[in-house]
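Chain and residue survey
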Amino acid sequence: MSSYVGIVTIAYGLLIAIALSVEDLRYALLPAACFSVILFLAGLLVFRRWKFAFALPWPALRSEEVQYPITIDGTSLSRQNYDQKLIIQLQVRSFAELAATVALASVSCYFLIFRSGLYFPIVSSFGIWGIEFICAVGWLVLTANLLWFTERRFLHTSFASIGSISHRNTGFFQERITFQFWDYERARRGGYGPSQKRRHDNAVLVFFKRHDPDQNAPHTAFRFHRFSFHVIPERNRNQTL
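Residues numbered from 1 in each chain as written. Predicted model: local features only at pLDDT ≥ 70, side-chain atom pairs only at ≥ 80, totals over all residues. Heavy atoms only, no water.

**Quick look at the packing of aromatic side chains**
Considering all chains together, one arrives at 17 aromatic pairs under this definition. Ring centres of Phe40 and Phe95 lie 6.0 Å apart, and the angle between their planes is 40 degrees; this geometry places the pair in the tilted category. Taken together, the positions of Phe40 in helix H2 (residues 26-46) and Phe95 in helix H3 (residues 95-114) put the pair 55 residues apart, joining distant regions of the chain. We classify Phe40 as buried; its relative accessible area is 10%. Clustering of aromatic rings is evident, with ring pairs tying together Phe47, Phe52, Phe54, Phe207, Phe222 and Phe227. The ring of Phe52 carries the charged tip of Arg49 above its face, separated from the ring centre by 4.9 Å. (Phe/Tyr/Trp six-rings, centres within 6.5 Å; stacked < 30°, edge-to-face > 60°. Helix = DSSP H or I, 4+ residues; strand = E, 2+ residues; numbered from the N terminus. Buried < 20%, exposed > 50% of the residue type's maximum accessible area, 1.4 Å probe, protein only. Lys NZ or Arg CZ within 6 Å of the ring centre and 35° of its normal.)

Set out below in structure tokens:
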């Protein structure tokens, strides 16, 4: 998902360069604002679920295995001597923040298109700090809605698995984790992503593409979606109700 942010950032930088060359910031701000609104609406359409739950198998602990707790997001999930299900609940978060960016983009589109006579953003009208601030706000609005869309689309087209954290890398700005998981064909795969800095966590929920499991992301990489975990007993299919 981060690759899309890089591509869009480069494109936005080129638009800013064009806008500065012609001394008219509308050449950068108008496409960014319109594209932000489109991405927000596309995210709503591509994955319409707002809050839902799904289950993954949680097999019984075999007699020769050693019990150790699996901890995700501070939640300890123990295996028992009987089959269980891992219930994962997903819901949207930080929507007010996202809605604020969409409102700002929509207002900007209105003024830039229909009120150009009243608001004409000539570069010479702003100081250097003003130009940088306006461009930075435009980039934040654009990338927020891009992340929203890519997350929604990824959730709609991916499978889920539990991955074990194998390494932590404390970076200068953000801690990152390396993890491994079993894909849809029961082959071992790996990946990396941001950490939520929960030192006791030893596992993550991994979303991956069925036909290309190397395209994967841990649940800690999702900015606008929250996950919660708990286990329940597996219902006996032969049980008569």
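From this point, the discussion proceeds with the structure in view.
**Here we look at the layout of surface pockets**
Approximately 820 Å³ is the volume attributed to the largest pocket. What lines the largest pocket is a set of 26 residues, among which Pro59, Ser161, Ile162, Trp182 and Arg186 lie closest to the centre. Among the elements of the structure, strand S1 (51-58), strand S5 (159-170), strand S6 (175-182) and strand S8 (203-208) are those that each provide at least two residues to the lining of the largest pocket. Considering each element in turn, the lining of the largest pocket owes the most residues, six residues, to S5. (1 Å grid on protein atoms, 1.4 Å probe; cavity = no way out; pocket = protein on both sides within 12 Å on 5 of 7 lines; lining within 4 Å. Points joined across faces, edges and corners; volume = space filled by probe spheres on them.)

**A look at the packing of H3 against helix H4 (residues 128-156)**
Packing of H3 against H4 leaves a shortest axis separation of 10 Å and a crossing angle of 125 degrees. Taken together, the axis directions place H3 and H4 in an arrangement best described as oblique. Between H3 and H4 lies a crossing whose hand is left-handed. Where H3 abuts H4, its residues Phe95, Leu98, Thr101, Val102, Leu104 and Ala105 lie against Val137, Val141, Ala144, Asn145 and Trp148. In terms of residue class, the contact of H3 with H4 is made up of nine nonpolar, two polar and no charged. (Axes fitted to C-alpha atoms, helices over the stretch in contact; angles between N-to-C directions. Parallel < 35°, antiparallel > 145°, perpendicular 65-115°, else oblique. Left-handed = near helix turned anticlockwise from the far one by under 90°. Contact = heavy atoms within 4.5 Å. Nonpolar A, V, L, I, M, F, W, Y, C, P; charged D, E, K, R; others polar.)

**As for the environment of Leu25**
With respect to the helices, strands and loops of the structure, Leu25 is situated in the loop between helix H1 (2-22) and H2. Residue classification places Leu25 among the buried positions, given a relative accessible area of 1%. Considered as a pair, Leu25 and Leu112 are 87 residues apart in the sequence and their alpha carbons are 9.9 Å apart.

**Concerning the confidence of the model for the chain**
Across the chain, the average pLDDT comes to 86, with 89% of residues at or above 70. Within the model, the stretch residues 237-241 combines pLDDT values under 50 with one contact to residues more than four positions away or in other chains. (pLDDT = per-residue confidence, 0-100.)

**A closer look at the sheet that holds S6**
Taken together, five strands build an open sheet; the order of strands is S7-S6-S5-S8-S9 and the sheet is antiparallel. Each edge of the sheet is formed by a strand with only one pairing partner; in this case those strands are strand S7 (188-194) and strand S9 (216-218). Going from strand to strand, the sheet's axes swing by 35 degrees on average, the running direction of each strand aside. Two elements, S5 and S8, share six bridges in a ladder whose sense is antiparallel. Of the residues in S8, the one forming a bridge with Ser161 is Val206. (Pairing = 2+ DSSP bridges.)

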